[in-house]
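One letter stands for each residue in the lines below.
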Amino acid sequence: MPAMEFEKPILELEGKITELRNMTSTRDFNIAEELARLESKSSKLLVSIYSKLSPAQKVQVARHPERPHFTDYVRGMLTDFTPLAGDRLFADDDALLGGLARFRGRSVVIMGHEKGNDTETRIKHNFGMARPEGYRKAQRLMEMASQFQIPVISLVDTAGAYPGVDAEARGQSEAIAQSIDSCLRLRTPMISVIIGEGGSGGAIAIATADRVYMLEHAIYSVISPEGCASILWRSAQHADEAAVALKLTAQDLLNLKLIDGIIEEPLGGAHRGKDMTIEMVANQIEKGLHDLTPWDSDRLIKKRQQKYLAMGRT
Amino acid sequence: MSNWLSDFIRPKIRSIVGAKDVPDNLWEKCPSCEAMLYAKDLAENLHVCHQCGHHLKFSVHDRLNLLFDDGAWANVPVPTVPFDPLKFKDKKKYADRIKESQAKTNEKDAIIVAEGKINGLATIIAAFNFDFMGGSMGTAVGEGIVRAAEIAIQKRASLIVIPSSGGARMQEGLLSLMQMPRTTVAVRMVKDAGLPYIVLLTNPTTGGVSASFAMLGDIHIAEPGAMIGFAGKRVIEETIREKLPDDFQTAEYLKEHGMVDMVVARKDLKETLGRILDLLMRRNIKAA
């Protein structure tokens, strides 16, 4: 992916800083001074640019290939991860991963979309676009979570469910619908975090949860801005306008009371501080789980149902 | 649409009998076999082509009249929802689009909730009106499904939902996506109450509507030839860069792939629904 246009001045500065650092061996005092000056300028620039990202710019940040992905979170915030595979019906889907793990002492079921981070892994994970098998694996995992009274964490990062012939033939709609129903029937707490892109039905299928959080620059939308523009403006060229109109940023969605909280990203976005991002996400999940523990399954389900029944009434 | 009928015959008739006496829709062309169908015959045949059996668009009111006993039903009021929550505007304001659709259809939004009897059994039907912004599902439609579920439970009635929808209404942004879990909760409540929830899939049922309550019925019935799927055909063709077969995502294709129980011709719908409701609701009848 080419560099994000709005980041160019930052990247130029960061390039100069790296260049200067390589020269410090000459022990020139002016270089140290210049370095400090540039670093301060660079972080000021980051603050000013990142504090007022437009919705269209957030779309780019949310899709940035170097943002931490599902696998990074698993590595960074869980131990004993035990991946579980297959829907017991047809196949395993590498676009939607999941399994058992330990999160800060608790057993959890973890699941989420994995986009991959190079050509080979992107193809393996189908760019994070799941087929029915993925959503049926999610259903299986949620049933197991209910069975063993284990909370569920889902990490959402998908452009959408895969639009393919095979996916349709095996009932993509039914798989998503059942997965939403599984979320609603889950007998343990569920926390979802939109870590990058929350793309439509493919996202809500595993994001119908007791708590839904979004990373600061993540997006969550009923349709991609490009798709929306090509339908309503009859040209994908208007994607930036569509991004504004759709109100897909974390800040807009919190105002609309459709999510429960925003998780701050490091200065300059999650792609500039993977570890810190993962730590922040883990802290929020822990807080959410703490609030929901201990739980009474019937009451938990009732509250979750009421939460979704009310959406659109106020 | 321009053809010899509209260009030639219609003006000719008009010139003879006067413009006001000839409605525009005197004849309709079958979109499948292109036969010219006389409007009155077409209406009598439930808007099914005499020539090829193609099921043309059928209005919500005609459908409710067909399905309910003696064509008798009452409108169930749906609570009003906040208007244009996002203040959405593309080339046109969403607020204006709603008003235009309201003027065109004489309805509040894309769903009608009705109560009546089928085969003597209390039944609630929530039916989509495709003429209202493509039957798209926003908060008002979600409210309609919720209301239909609530009243079905309250009256111990069966619930039949009849989608005809392109999917979620993108002018309501994420709120429209949230109608997927919301309507799923609604139909779950009906199931938990032990009442039948039947989906009658009509042309088209796609996107967020097919991927929520529409695929969660106890029983799925589809009209012949109805287009049913998650992703639109064009999107799939663009993704895989191949032309798709004609029968892709049709009701018949879905039946073959195990997603619907039956494909039922319009003329047989009432009898089929009546029989199913009878079997599900009158569970113990002493043999005569």
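Residues numbered from 1 in each chain as written. Chains lettered and ligands numbered in written order. Predicted model: local features only at pLDDT ≥ 70, side-chain atom pairs only at ≥ 80, totals over all residues. Heavy atoms only, no water.

Visitor: Whenever I open this one, the interface of chain A and chain B confuses me. Can you help?
Guide: With 46 residues of chain A in contact, the opposing surface of chain B contributes 47 residues. A combined buried area of about 4100 Å² lies between chain A and chain B, and 72% of that area is made up of carbon and sulfur atoms. At the surface where chain A touches chain B, the tally comes to three salt bridges. Linking chain A to chain B there are eleven residue pairs in polar contact (both at pLDDT 80 or more). At the level of elements, helix H7 (165-169), helix H8 (172-185), helix H9 (200-204), strand E7 (219-221), helix H10 (225-232) and helix H14 (297-309) of chain A are the ones that each hand at least two residues to the side of chain A that touches chain B. Tallied by class, residues from the side of chain A that touches chain B come to 25 nonpolar, twelve polar and nine charged. (Contact = heavy atoms within 4.5 Å. Buried area = accessible area lost by both parts, 1.4 Å probe. Salt bridge = Lys/Arg side-chain N within 4 Å of Asp/Glu carboxyl O. Polar contact = N/O pair within 3.5 Å; in protein donor to acceptor, adjacent residues only side chain to side chain. Helix = DSSP H or I, 4+ residues; strand = E, 2+ residues; numbered from the N terminus. Nonpolar A, V, L, I, M, F, W, Y, C, P; charged D, E, K, R; others polar.)

Visitor: Honestly, the packing of helix H6 (residues 132-148) of chain A against H8(A) in this entry has me stumped. Any pointers?
Guide: All names here are of chain A. In contact at an axis separation of 8 Å, H6 and H8 are set at 20° when each is read in the N-to-C sense. Taken as axis vectors, H6 and H8 run roughly parallel relative to one another. H8 is crossed by H6, and the crossing has left-handed handedness. Contacts from Pro 132, Tyr 135, Arg 136, Ala 138, Gln 139, Met 142 and Ser 146 of H6 reach H8 at Gln 172, Glu 174, Ala 175, Ile 176, Gln 178, Ser 179, Ser 182, Cys 183 and Arg 185. A breakdown of the residues in the contact of H6 with H8 according to their chemical character gives seven nonpolar, six polar and three charged. (Axes fitted to C-alpha atoms, helices over the stretch in contact; angles between N-to-C directions. Parallel < 35°, antiparallel > 145°, perpendicular 65-115°, else oblique. Left-handed = near helix turned anticlockwise from the far one by under 90°.)

Visitor: Help me out: how do you make sense of the pattern of salt bridges in this one?
Guide: Two side chains with opposite charge may pair up if their charged atoms get near one another. Residue and element names in this part refer to chain A. Under the criterion given, the structure shown has 44 salt bridges over all chains. Where Arg 63 meets Glu 226, a salt bridge forms, and the shortest distance between an N and an O atom there is 2.8 Å. Placement of the pair is Arg 63 in the loop between helix H3 (55-62) and helix H4 (70-77) and Glu 226 in helix H10, with a sequence separation of 163 residues. Note on Arg 63: relative accessible area 26%, which makes it partly exposed. Classification of Glu 226 by relative accessible area gives partly exposed; the value is 30%. (Buried < 20%, exposed > 50% of the residue type's maximum accessible area, 1.4 Å probe, protein only.)

Visitor: Honestly, H10(A) in this entry has me stumped. Any pointers?
Guide: Owing to its 3.6 residues per turn, the α-helix aligns residues three or four sequence positions apart on the same side. Within the sequence span of H10(A), burial applies to Pro225(A), Gly227(A), Cys228(A), Ala229(A) and Leu232(A). Tucked into the core, H10(A) has its buried residues touching H3 and helix H11 (239-245) of chain A together with helix H4 (94-105) of chain B. Arg234(A) sits one or two positions beyond H10(A) and adopts a positive phi of about 60°.

Visitor: I'm lost on the sheet that holds strand E5 (residues 121-128) of chain B in this one. Help?
Guide: Paired through their backbone hydrogen bonds, the strands of a sheet run either parallel or antiparallel. All names here are of chain B. Taking strand neighbours across the sheet as the criterion, the seven strands line up as E3-E4-E5-E6-E7-E9-E11 in an open arrangement whose pairing is mixed. Of all the strands in the sheet, the pair left with one neighbour each is strand E3 (73-75) and strand E11 (262-263). Of the pairings in the sheet, the one linking E5 to strand E6 (residues 158-162) comprises five bridges and is parallel in character. By the bridge assignment, Ala 127 is partnered in E6 with Ile 162. With respect to the sheet, helix H3 (residues 60-67) is in contact with E3, strand E4 (111-118), E5, E6 and strand E7 (197-201), its orientation differing from that of E4 by roughly 15°. (Pairing = 2+ DSSP bridges.)

Visitor: Honestly, the layout of surface pockets in this entry has me stumped. Any pointers?
Guide: Where empty space is left can be seen by rolling a probe of water-molecule size over the atoms. All names here are of chain B. Empty space within the second largest pocket amounts to approximately 630 Å³. Mapped onto the lining of the second largest pocket, the elements with two or more residues apiece are H3, H4 and E5. With four residues, H3 is the largest single contributor of residues to the lining of the second largest pocket. Partitioning the lining of the second largest pocket into residue classes produces eleven nonpolar, eleven polar and eight charged. Two domains each provide a minimum of three residues to the lining of the second largest pocket, namely domain 1 (1-56) and domain 2 (58-287). (1 Å grid on protein atoms, 1.4 Å probe; cavity = no way out; pocket = protein on both sides within 12 Å on 5 of 7 lines; lining within 4 Å. Points joined across faces, edges and corners; volume = space filled by probe spheres on them. Domains from an automatic or database assignment.)

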